[in-house]
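# Report on the structure
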Amino acid sequence: MNLRNIITACALAMTAMAAPAEELIILHTNDTHSALDPDDKNLGGVLRRKALIDSVRTARPGRVLLVDCGDAVQGTLYYTLYKGEVERKMMNALGYDIAILGNHEFDNGLDVLAGELSQLDADLITTNYDLRDTPLDSLFTPYTIKDVNGHKIGFLAINLDPKGMIADSNAGNVKYTDGIKAANAMAWYLRNVMHADKVIALTHIGYDTHNPPTPSDLELASATEGIDIIIGGHSHTVVDPAKPRQAWRVPNAAGDTVLVAQAGSRGRYLGEITVDLDSPRTDYRLISVDKRLDDRIDPEAAAILYTYRQGVDSLKNMKIGRLAQEFPSGSQILLNWVADAMHDMGSRLIDKPVDLAIVNKGGIRRGLPAGHITKEMIMTMLPFDNKLVVMQLTGRDLLASIEVMKGRGGDGISGGFDIERIDPDKTYTVVTIDYLAQGGDYMEPLTHGEIVTRSKKRLDETMIDYIEGHHNHKITYRDNRPRM
């Protein structure tokens, strides 16, 4: 080889080395729960999220996919007042490519959900739900394939078992099929029949939750082959490689590495996965959605949100009472205070004493500050369409219910009742919410009870009445009960 050929070969080699890799950027969210505005700590906000997404798309044109892993709704007044309309409009404004179901998508039943999702422009997929004989059937496919610069990217979706998590009346004829078997079969199909270059599973099953037959993301990864990336939701887990508390690269059934991602909840983070389309290399980071993005807000998107924000703001200014202390989000004192209030309201409902009240921690979605309480705070704290029920329950079923509660770290139980002295053969009068009485949140033992009566108002409305009954006197609460 002469000198010219050597120089040419070296130049070509150097050019090849310098050529940028064929990359795909996957931006992902999960469990945003109608948090369209920044939260109490000024984190999150859908307009900030759009600014961030737009900046990534501008930097990587044609190489970005935006996906959501369920529970995009339920949790703020935007959903309570407008039933998903604004969330789906904003998702369209942000340009979501693919979306999957969460459990809270079902909160108002299948007919309402079908109408809501028909407004969404994204591809809707579920691999392990059989939706035949439901209003959702025509809206969903079992997979989707996206072409990125000639590379086929296959997406499948794995959802949780509705039984015990979604009320039977809301799940209707949705049938669950084994998540691991469905994922393995679809990954094989995408690889070998559709010739996908990469296979990505979008899930709403939880990072490391243990609710058989639903697998967790970690269990799904270890029991499957052919999946490159699992992007999850449901457990609200912050999987952040910069602060590694959870594993984010795990081996699969063939010994290959799977990237497992999840971006917390309420839109405080945007997940970004960089995929090398010519190799197994992947990289992952979480990007904070915060006030640094405020100078890049898109005015057209802001105008869409403004139309709905006026109704929300009117309730934020409606004061209903005062608290002498803070009830932090997720705290035992908050759980017990709500349970005690339910005990009081349940006694009024049947006009005689009840034995105890039970509330699940998953039904309380925010804390309360010291000082003035607004109607918006209570409606956001108790956002679900639950009603109080008073029921007769045997001690045996009550003990079984308490074991379920202990198994997840304890829920709320009213004071003055000794759970250590429950008589299995005695019948107790219990106050709870209809969702739990129907076996929701895995409280199957409560389904054996007999409902005596139920309130006509939702729980949030009943709680507002309870607080207003203090006539603006500061509510002081002392509780030293240990966590269950």
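Figured I'd write up the structure that's included with this text. (Residues numbered from 1 in each chain as written. Predicted model: local features only at pLDDT ≥ 70, side-chain atom pairs only at ≥ 80, totals over all residues. Heavy atoms only, no water.)

## Here's the deal with the sheet that holds strand β20 (residues 427-433)
Reading across from one edge, β19-β16-β20-β18-β21 is the order of the five strands in this open sheet, with mixed pairing throughout. Two strands bound the open sheet, and with one partner strand each, they are β19 (412-413) and β21 (450-458). Looking at chain direction, strand β18 (residues 387-394) and β21 are connected through five bridges and run antiparallel. Looking across to β21, one finds that K387 is bridged to R458. Most of the contacts of helix α10 (residues 332-350) go to strand β16 (residues 356-359), to which it runs at about 130°, and overall it touches β16, β18, β19, β20 and β21. The strands touched by helix α12 (residues 395-407) are β16, β18, β19 and β20; relative to β18, the strand with the most contacts, the crossing angle is about 120°. (Pairing = 2+ DSSP bridges. Helix = DSSP H or I, 4+ residues; strand = E, 2+ residues; numbered from the N terminus. Contact = heavy atoms within 4.5 Å. Axes fitted to C-alpha atoms, helices over the stretch in contact; angles between N-to-C directions.)

## Some details on the packing of aromatic side chains
Throughout the structure, instances matching the rule amount to seven aromatic pairs. Taking the centre distance of 4.9 Å and the plane angle of 75° together, the rings of Y82 and Y308 count as edge-to-face. Placement of Y82 in helix α3 (residues 77-82) and of Y308 in helix α9 (residues 299-316) is noted, with a sequence separation of 226 residues between them. By relative accessible area, Y82 is classed as partly exposed at 22%. Here F106 and Y129 contribute two aromatic rings whose centre-to-centre distance is 6.4 Å and whose plane-to-plane angle is 75°, an arrangement assigned as edge-to-face. Of this pair, F106 sits in the loop between β3 (98-99) and α5 (110-117) while Y129 sits in strand β5 (residues 129-130), and the two are 23 residues apart along the sequence. Y129 carries the same exposure label as F106, and that label is buried. A network of ring pairs unites the aromatic residues F327, W337 and Y477 as a single cluster. (Phe/Tyr/Trp six-rings, centres within 6.5 Å; stacked < 30°, edge-to-face > 60°. Buried < 20%, exposed > 50% of the residue type's maximum accessible area, 1.4 Å probe, protein only.)

## Considering the pattern of salt bridges
In total, this model carries 28 salt bridges according to the counting rule given. Taking the shortest distance from any N to any O, the salt bridge between R309 and D37 comes out at 2.6 Å. Of this pair, R309 sits in helix α9 while D37 sits in the loop between β1 (23-29) and α2 (46-59), placing them 272 residues apart in sequence. Looking at R309, the relative accessible area reads 22%, which means it is partly exposed. With a shortest N-O distance of 2.7 Å, D294 and R48 are connected by a salt bridge. (Salt bridge = Lys/Arg side-chain N within 4 Å of Asp/Glu carboxyl O.)

## Section: the nonpolar core
Grouped together as the largest cluster of nonpolar side chains are 146 residues, with contacts concentrated most on W337, M342, I378 and M463. Considering every element that reaches this core, the biggest residue donor is α10, with nine residues. I378 has contacts with I320, L368, I373, D460, M463, I464 and I467, leaving out every residue within four places of it along the chain. (Core = buried A, V, L, I, M, F, W, Y, C linked by side-chain atoms within 4.5 Å.)

As far as function goes, none of this settles anything; it's purely spatial.
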